[in-house]
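# Results of the structural survey
The lines below spell out each chain.
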Amino acid sequence: QQASGTALANVLVLGTGGTIAGQANARAGNAYDSGKVSAANLIAAIPGIDKLAEISAEQISSIGSQDMNDKVWFDLVKRIRAAIDNKEVDGVVITHGTDTMEETAFFLQNVLDTDVPIVLVGSMRPSTAIGADGPANLYDAMRVASAPESRGRGVLVVLNDTIHGARWVQKTNTTSVQTFRSPDAGPVGYVDTGSLRFLQPAVAIKTAKLKLPDAPPLPRVDIIYSHANMDAAEVEDAVKRGAKGIVLAGVGDGNSSKGAIDALAAAAKQGVVVVRSTRVGSGYVNRNVEVEDDKLGFAVSLDLNPQKARVLLELLIANGITDPSAVQQAFAQP
Ligand SMILES: NC(=O)C[C@H](N)C(=O)O
């Protein structure tokens, strides 16, 4: 049963920008500009998409997702909540740049309380490129967002025929159209010319674990990238500039040099929330294996990469959850 009682699902498309809305301007040079084409015009250019759903399109922002920020996130939440509360929609599609798509997806999953499908979509080639991938991706996202079987699966990402879950998806290639992967969990489904299929039945993903403050910004959480020959400087700088939390993009199993770990322990003692993640790109970060987390007052990110650990930690601190064991428990929730 659709929100409006009509045969087609009602899908709200919210444009934020990105390469999917990018346009080359040959006269201005070789680079293309992100976020030039409105979501409404992207939809209008796709033959047959109007047969999939009753579509309405609105623009939230027109930016490359390298510039994604708290204000756009708060605006998205406000609009989506209103659409769901007013029973306007059966599904939501968000057009978005790919660079920070996984962060927006994971952010929304943590604050939206709904089983309505929320689908993020982007492209790797601008809308004016030969073989632009945006139209097919947007068509597929519309199929996913309008399908009853997509309900209750949390926030989804659709690109290149593949459906991913917000917790696991990562951008893994700088330029390839096959860039989104879920290294630790695999995709949740596929959408191609012939079919839309999920690999597992929906296991209600607990959305909205956390409250969103009334207005941005979220508390400052810095990511510190670990490397050979590392000292304490980056950690100390983060503390000096007022970071309330630090995520370590550690080497290997979330490790770092003695100097950096000592500085993180000192920061934790002062009340900065420290979460160890990894720069590796896949795998779990385990507690108390190479680093004495219990003793030093750290939490670990488990399967969350540094950029998603940062999003979760911002939200936890905003909700007053700063005790390392409470932070650890929150990271463990699927
Ligand atoms: N393919 C893309 O969308 C990259 C672009 N820089 C963005 O994230 O907006």
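Nothing here was measured: the structure is a model prediction, and the numbers come from that model.

The rules we used
- Residues numbered from 1 in each chain as written.
- Predicted model: local features only at pLDDT ≥ 70, side-chain atom pairs only at ≥ 80, totals over all residues.
- Pairing = 2+ DSSP bridges.
- Helix = DSSP H or I, 4+ residues; strand = E, 2+ residues; numbered from the N terminus.
- Near = placed C-beta within 6 Å.
- Nonpolar A, V, L, I, M, F, W, Y, C, P; charged D, E, K, R; others polar.
- Domains from an automatic or database assignment.
- Axes fitted to C-alpha atoms, helices over the stretch in contact; angles between N-to-C directions.
- Parallel < 35°, antiparallel > 145°, perpendicular 65-115°, else oblique.
- Contact = placed C-beta atoms within 7 Å.
- Expected span 1.5 Å × (residues − 1).
- Buried ≥ 20, exposed ≤ 12 C-beta atoms within 10 Å, placed from the backbone.
- Left-handed = near helix turned anticlockwise from the far one by under 90°.
- Arc of directions from axis to C-beta.
- UniProt positions renumbered as here; feature names shortened; annotations may be inferred.

### Quick notes on the sheet that holds strand 16 (residues 299-300)
Across a sheet, strands are paired by hydrogen bonds formed along the backbone, either parallel or antiparallel in direction. Taken together, four strands build an open sheet; the order of strands is 13-14-15-16 and the sheet is parallel. Looking at which strands have only one partner, the edges of the open sheet turn out to be strand 13 (221-225) and strand 16. In the sheet, strand 13 pairs with strand 14 (residues 245-250) via five bridges, with the strands oriented parallel. Note on strand 14: the bridge partner recorded for Ile-224 is Leu-248.

### Looking at the site of the ligand
Around the ligand, the neighbouring residues are Gly-18, Thr-19, Ser-34, Gly-64, Ser-65, Gln-66, Gly-97, Thr-98, Asp-99, Gly-122 and Met-124. Of the residues in the shell around the ligand, the class split is one nonpolar, nine polar and one charged.

### Some remarks on the domain arrangement of the chain
According to the domain assignment, the chain consists of domain 1 (9-198) and domain 2 (221-332). Summarising the inter-unit geometry, the C-alpha centres of domain 1 and domain 2 are found 30 Å apart. Residue contributions to the side of domain 1 that touches domain 2 peak at five residues, all from helix 3 (residues 101-111). By residue class, the composition of the side of domain 1 that touches domain 2 is three nonpolar, two polar and three charged.

### Focus on the packing of helix 5 (residues 233-240) against helix 6 (residues 258-269)
Remark: helix 5 packs on helix 6, axes separated minimally by 8 Å, with the N-to-C direction vectors making an angle of 20 degrees. The pairing of helix 5 with helix 6 is recorded here as roughly parallel in orientation. Residues Val-235, Glu-236 and Val-239 of helix 5 form the contact with helix 6, whose own contacting residues are Ala-260, Ala-263, Leu-264 and Ala-267. The residue inventory of the contact of helix 5 with helix 6, partitioned by class, reads six nonpolar, no polar and one charged.

### Some details on helix 4 (residues 134-145)
With twelve residues, helix 4 ought to run about 16 Å at 1.5 Å a step, and its terminal C-alpha atoms sit 16 Å apart, in line with that. Turning to helix 4, its buried residues are Gly-134, Asn-137, Leu-138, Asp-140, Ala-141, Met-142, Arg-143, Val-144 and Ala-145.

### Things to note about the sheet that holds strand 12 (residues 196-198)
With respect to topology, eight strands assemble into an open sheet ordered 4-1-5-6-7-8-11-12, the strand pairing being mixed. Each having just a single partner strand, strand 4 (53-63) and strand 12 make up the two edges of the open sheet. For this sheet, the mean inter-axis angle between neighbouring strands, taken without regard to orientation, is 20 degrees. Against the sheet, helix 2 (residues 70-85) contacts strand 1 (9-17), strand 4, strand 5 (91-95) and strand 6 (118-121), and its axis sits at roughly 160 degrees relative to strand 4.

### Observations regarding the packing of helix 2 against helix 3
Between helix 2 and helix 3, whose axes approach to 11 Å, the crossing angle comes to 45 degrees. With respect to their mutual orientation, helix 2 and helix 3 come out oblique. For the crossing formed where helix 2 meets helix 3, the hand is right-handed. When helix 2 is examined against helix 3, the residues Trp-73, Leu-76 and Val-77 are found in contact with a partner set consisting of Thr-104, Phe-107, Leu-108 and Val-111. Tallied by class, residues from the contact of helix 2 with helix 3 come to six nonpolar, one polar and no charged.

### Some details on helix 5
All of the buried residues in helix 5 are Glu-234, Val-235 and Ala-238. Down the axis of helix 5, the smallest arc covering the buried residues is 100 degrees, so these residues share one side. Of the exposed residues in helix 5, the ones pointing more than 90 degrees away from its buried face are Ala-233 and Lys-240. Along its buried surface, helix 5 packs onto strand 13, strand 14 and helix 6. Positive phi appears at Gly-242, one or two residues downstream of helix 5, with a value of about 90 degrees.

### Considering the UniProt feature "binding site: substrate" (unreviewed entry) in the chain
Under the UniProt annotation, "binding site: substrate" (unreviewed entry) lies at Ser-65, Thr-98 and Asp-99. For this annotated set, covering 35 residues, all C-alpha atoms fall within 6.7 Å of each other, a compact arrangement in space. Note that Ser-65 resides in the loop between strand 4 and helix 2. With respect to the helices and strands, the residue Asp-99 is situated in the loop between strand 5 and helix 3. If we ignore the near neighbours within four places in the chain, the residues touching Asp-99 are Ser-65, Gln-66 and Lys-171.

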